[in-house]
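Topology and contacts: notes
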Amino acid sequence: MAATTYEHLKLHTTPEKFYVEACDDGADDVLTIDRVSTEVTLSVKKDVPPSAVTRPIFGILGTIHLVAGNYLIVITKKTKIGEFFNHVIWKATDFDILSYKKTMLHLTDIQLQDNKTFLAMINHVLNVDGFYFSTTYDLTHTLQRLSNTSPEFQEMSLLERADQRFVWNGHLLRELSAQPEVHRFALPVLHGFITMHSCSINGKYFDWILISRRSCFRAGVRYYVRGIDSEGHAANFVETEQIVHYNGSRASFVQTRGSVPVFWSQRPNLKYKPLPQINKVANHMDGFQRHFDSQVIIYGKQVILNLVNQKGSEKPLEQTFATMVSSLGSEMIRYIAFDFHKECKNMRWDRLSILLDKVAEMQDEFSYFLVDSAGKVVTNQEGVFRSNCMDCLDRTNVIQSLLARRSLQAQLQRLGVLHVGQKLEEQDEFEKIYKNGWADNANACAKQYAGTGALKTDFTRTGKRTQLGLIMDGWNSLVRYYRNNFSDGFRQDSIDLFLGNYSVDELESHSPLSVPKDWKFLALPVIMVVAFSMCIICLLMAGDTWTETLAYVLFWAVASIGTFFIILYNGKDFVDAPRLVQKEKID
């Protein structure tokens, strides 16, 4: 039972210390945190003072250092998602951030304001839906990876054995991870999406599970994190695993998504779609090879499904990706370009079958992971489909759901759930569960990266595009535009702080949060609003002399329109840009 963390906890608070008591059966451990020295030690229940204020908690997310000093972050509410092979899976739904310091009198006014902003950033990340955990099961690994482990691995704590790509509180747990004796208090938390359903086809009951694991390497928001970094980590990289559990047998099918793995950026500048910029001086092959070397080691053969447009602003990215694959010359990597928007224009979504037919033989070759009720591995998945569009959200999710259905069809037939000749599409009750599950997955991934729900989910839910779906896509696109331009800098800073890409130094003489705005940022929007308002006022207060009124209206209209175009031309000066991590680290 080494690979478990304590499930039942109580937090006892005194002015000098935090005591986290393990309340599992037979446990006597207490994690003690000194609020003055910040020292972490292991003690026993009799060491907890009777005077301590006590409350239940459901896990320790970790600790973080801000301007005011250290803070302890704990999980205060959780929701049961379901049971995973007799292991309970939880979603963390509420948190508390507790200061080690008893007073803030040691801070200046500027430091107080900075500390308040940093706390708002941490709270922002915690309020993004999608933090999952289990105290008894390793959620960060696929079934196939877990089946191919050593006895030593099985004896490791959940924190030690976790895939660090998917431990979103890894930075927050760094102090606990350095002390193995307290690892049972260290709870690895996944960010992404999990859904579980008990389903029935032909009177045979099985569990259908979908897990998306969002990487914490090169994590961020839509327009500020694109491409790859020097280590080969791709932006918006997500590993999605679909699992079936029937009569003790388990089957899984894994896919990945990630940004076009070259050095490119797409900075917001108030335009609806900023022009993608490919770095002209970077060594693309170095990062590209690092990326695919790691992908091949982890997943085996790669089939790249590049869904971007093959004309317009997206065309250079498609061409660069194809050239890089050709230059790498690896037999383990195949490249397929499919212009999603061109092929499916005029709502011809039936044409997605062109791509599915093209990759069918490759998917059969890759197979899926299957282990029988005796624990014997029957088949392994020999490779993955790595899908991408520009954001790796909407188009990507549609294709992934179709590939996953095809794999599920084969799995359920092999397990004896589906009869020979039966199609999943004909199982109305299960189809509804399946489509809604994948649409919910799309929405979760989109909210975490782009700030809104996904586009095209009407197709995922119903199998066809609808007029209402088009209207909702338009609304989500508008919300994305606003957030990408006017709030994503704060969102990016929040993620960088949470993941440890930026560390707070209270002795820093110049706070990165106090960067003054350019005069244009303050003046031009005011001028535009005043000019537009005067134009309306002149129209409403029109007198007898229409010639004079028209002259005033034209003057203010020209002033407002002219100011608008000046703002648009200087768009990059008006967007909400990140302040904590230097541009070179993000691009």
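Residues numbered from 1 in each chain as written. Predicted model: local features only at pLDDT ≥ 70, side-chain atom pairs only at ≥ 80, totals over all residues. Heavy atoms only, no water.

Going by the annotation in an unreviewed UniProt entry, the name recorded for the protein chain is Phosphatidylinositol-3-phosphatase SAC1, with Trichechus manatus latirostris given as the source organism.

Our focus in this paragraph is the overall build of the protein chain. The secondary structure content of the protein chain amounts to 17 helices and 20 strands. Considering only contacts in the protein chain between residues 6 or more positions apart, those separated by 24 or more positions represent 67%. On the protein chain, roughly 26500 Å² of surface is accessible, and the fraction owed to carbon and sulfur atoms is 56%. (Helix = DSSP H or I, 4+ residues; strand = E, 2+ residues; numbered from the N terminus. Contact = heavy atoms within 4.5 Å. Areas by Shrake-Rupley, 256 points an atom, 1.4 Å probe, with all protein chains shown as cover.)

Next up on the list: the sheet that holds strand 4 (residues 40–44). Judged by pairing direction, the sheet is antiparallel, and its five strands sit side by side in the order 4-3-2-1-5 without closing on themselves. The sheet is open, and its two borders are formed by strand 4 and strand 5 (53–57), each paired with just one other strand. Across this sheet, the average inter-strand angle for adjacent strands is 25°, counted without regard to direction. Summarising the sheet, strand 3 (residues 29–34) and strand 4 pair through five bridges and their orientation is antiparallel. Pairing of I33 across the sheet is with V40, part of strand 4. (Pairing = 2+ DSSP bridges. Axes fitted to C-alpha atoms, helices over the stretch in contact; angles between N-to-C directions.)

What follows concerns the pattern of salt bridges. This structure, assessed with the given rule, holds 26 salt bridges. The salt bridge partner of D47 is K46, with a shortest N-O separation of 3.7 Å. Residue D47 is classed as partly exposed on the basis of its relative accessible area of 34%. Residues E241 and R213 are paired through a salt bridge, measuring 2.9 Å at the closest nitrogen-oxygen approach. (Salt bridge = Lys/Arg side-chain N within 4 Å of Asp/Glu carboxyl O. Buried < 20%, exposed > 50% of the residue type's maximum accessible area, 1.4 Å probe, protein only.)

Over its 16 residues, helix 6 (residues 284–299) runs 22 Å from end to end, which matches the ideal 22 Å to within 8%, given 1.5 Å per residue. Those residues of helix 6 that fall on the buried side of the exposure criterion are H284, G287, F288, H291, F292, Q295 and Y299. Around the axis of helix 6, the buried residues are gathered within 120° of arc, so they sit on the same side. Just downstream of helix 6, G300 is the residue with a positive phi angle, here 90°. (Expected span 1.5 Å × (residues − 1). Arc of directions from axis to C-beta.)

This brings us to the packing of aromatic side chains. A full pass over the atoms with the stated rule returns 18 aromatic pairs. When the centroid spacing of 4.5 Å and the interplanar angle of 35° are considered together, the rings of F84 and F85 count as tilted. Each member of the pair F84 and F85 is classed as buried. An aromatic cluster is defined as three or more aromatic residues linked by ring pairs; in this entry it consists of F206, W208, F430, Y434 and W438. When the ring centre of W90 is taken as reference, the NZ or CZ atom of K78 above it lies at 3.7 Å. Note that R184 overlies the ring of Y6, its terminal NZ or CZ placed 4.3 Å from the centroid. (Phe/Tyr/Trp six-rings, centres within 6.5 Å; stacked < 30°, edge-to-face > 60°. Lys NZ or Arg CZ within 6 Å of the ring centre and 35° of its normal.)

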